[in-house]
Every structure is written in C-alpha cells, then in structure tokens.
Amino acid sequence: MHKTLTTSIIALIFILTTTAASLASWQIDIEVSTTDPSSDTGMATNKLSIGTNPTTTDGYDNQIDTPALLKGPVQAYIPHPEYQPNQQKLWRDFRKDSLPQEWEIDVASSGVNNPVKIKWEINAPGNLNFILLDKDSNKEVTMASSTEYSYSNTTATPKIFLLKVTEGQGISPTTGNQSSSKGGGCGYIKDAGKRNMTGFGQIAFNMIILM
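None of these values were measured; they are calculated from a predicted model.

Peer 1: Can you lay out the confidence of the model for the chain for me, pointing to particular residues and giving the numbers?
Peer 2: Scored by pLDDT, the chain comes out at a mean of 77, with 68% of its residues at no less than 70. Across the chain, the element-wise mean pLDDT spans from 36 in helix H2 (residues 200-210) up to 98 in strand S3 (residues 66-67). Considering only residues more than four positions removed or in separate chains, one finds that residues 172-189, a stretch of pLDDT under 50, has 45 contacts. Contacts of residues 191-211 to residues separated by more than four positions or lying in other chains number 28 contacts, the stretch itself having pLDDT below 50.

Below you can see the structure in the form of structure tokens.
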C-alpha cells in the first residue's frame, strides 16, 4: 500500500512540474517618457507590456491585448496594421509562447529636440536574449546589460524600434557586456522559472518532504 501511494505521489509530482514548465511565460514592461511642462510631474509617459502567454493567439486577444490611447507629447505603441481599425496600435501585446519573435515599437514625440527615455523591466528565464534595435541608427542595445536607452527627438515622424527575443545562452545581468545605450547599470531580470516554486513546484517540493 505504501509503495503504491509513493508511486502515485511521484507520478503526480511529475505531472505538476511538467505542467508548470509548459505554462512558462515571460514579460517585459517598457516605459517611454519625455518632458511635458503641462504635466504635474513634468513628464509624459506611455507604458508598454510585451510577452508570451500560453492562453493567447498570434492575433488580437480581447482579454489580454490592450489598444493604445494616444495623446500628448509622447506616443509609444506596438503597430498592427493588419488588425481592425481600433486595434492597430497597442500598449499591451502578448503572443504564443514560441521563439524567436520580434515586436516593432513606434515612438512619436511632438517636441523637436526633446529628450526621450526608454526604460524597461524584464521578467523572464535566464536563457532568453532581449535586443532593442534602433532602426534609425542601427544601434543594438543588449537589454540585460542596461536599464534604459535615451535619444534626442528630431522629428514628429515616429521613430521605429525592433524588440528581438531569442532563446539561447542568455546574458547574466551582472556579467553581460555593457551596451552602447546611454543608460547605465545592469538590466533588471527576474527569473520567471523560479516563480514555479510558489505554485506547482512548491506543492511538489512539499510532497517530497512529506514522503
């Protein structure tokens, strides 16, 4: 009886941990800001969220994706000209959990020569690589090695960036090479894999102790 119970528990642990791994997802939050004398804080900000989720599709998902509400001196969004008219510019864009993937990010600022700052926070496993490409200058920023990228706006035409996400060795936020962006310091990366210990992984761990 004890042997049968032990076997069942081991099988359940395998199922739970496998399920947790298959539901793994990642997210990067991006904040784009510029000066705004009319704002109480002196800054205008748009916030974007990009990532993957096991429940999403590669199209527009009404319960997850969020259309952008654009006004003011900075307008940042993820363009989707193939979507319906009211869904073609997003602040939140999640897709299927597959790699590699790319997201275009457009940033328009009405203030010529105004400084524009892009900051980010990454919540992802350590084996993912995040690159931000400034298509105007062809400059690549290794996002694990920095927290921000700044530039001076020169035109009202949207500036185009490309977020490239690939799977590979990954770059440690403490040992990765410093990028050529103006932002200093190390990228803020949370290991999404560790979060499993608060859910299915923790349940499995507790069951092992009980055995």
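Once the structure has been displayed, the description carries forward.
Peer 1: Give a description of the packing of aromatic side chains that names residues and reports values.
Peer 2: What the rule picks out here adds up to 6 aromatic pairs. Between Tyr149 and Tyr151 the ring centres are 6.5 Å apart and the planes differ by 35°, which places this aromatic pair in the tilted class. With 6.0 Å between their ring centres and 85° between their planes, Tyr149 and Phe161 make a pair best called edge-to-face. Of the two residues, Tyr149 is situated in strand S10 (residues 148-152) and Phe161 in strand S11 (residues 159-167); the sequence distance between them amounts to 12 residues. Side by side, Tyr149 and Phe161 carry an identical accessibility label, which is buried. Here a set of aromatic residues connected by ring pairs shows up, and it is made of Trp26, Trp103 and Phe130. In this structure, Lys89 is placed above the aromatic ring of Tyr77, and the distance from its NZ or CZ to the ring centre is 4.8 Å. Note that Lys159 overlies the ring of Tyr151, its terminal NZ or CZ placed 4.9 Å from the centroid.

Peer 1: Which residues make up the nonpolar core, and what values go with them?
Peer 2: Judged by nonpolar contacts, the single largest core of 31 residues is most densely connected at Ile28, Trp120 and Phe130. Of all elements in the fold, only strand S1 (27-35), strand S2 (43-52), strand S4 (74-79), strand S6 (101-109), strand S7 (115-123), strand S8 (128-134), S10 and S11 reach the threshold of two or more residues within this core. Among the elements that take part in this core, S7 stands out by supplying 4 residues, more than any other. With residues up to four places along the chain from it excluded, the contact list for Ile28 reads Leu48, Ser49, Ile50, Trp120, Glu121, Ile122, Phe130, Met143 and Leu163.

Parameters at a glance
Residue indices follow the written sequence of each chain, beginning from 1 at its first position. Where local features are concerned, this predicted model is filtered to residues with pLDDT of at least 70; where side-chain atom pairs are given and counted, the filter is 80 or more; whole-chain, interface and lining totals use all residues. With hydrogens and water stripped out, all remaining heavy atoms of the structure feed into the side-chain values. Confidence of the predictor at the level of single residues is given by pLDDT, which spans 0 to 100. Secondary structure elements are defined from DSSP: runs of H or I of at least 4 residues count as helices, runs of E of at least 2 residues count as strands, and each element is numbered from the N terminus. The criterion used for residue contact is that any of the two residues' heavy atoms lie within 4.5 Å. Here the aromatic set is Phe, Tyr and Trp, taking the six-membered ring for Trp, and pairing holds for ring centres within 6.5 Å; pairs whose planes are under 30 degrees apart are stacked, those over 60 apart are edge-to-face, and all others are tilted. Only protein chains enter the area calculation, which uses a 1.4 Å probe; residues under 20% of their type maximum are buried, those over 50% are exposed, and those in between are partly exposed. Charges are assigned to positions over rings by a cutoff of 6 Å between ring centre and Lys NZ or Arg CZ, combined with an angular limit of 35 degrees from the ring normal. To define a nonpolar core, start from buried Ala, Val, Leu, Ile, Met, Phe, Trp, Tyr and Cys residues and group those joined through side-chain atoms within 4.5 Å.

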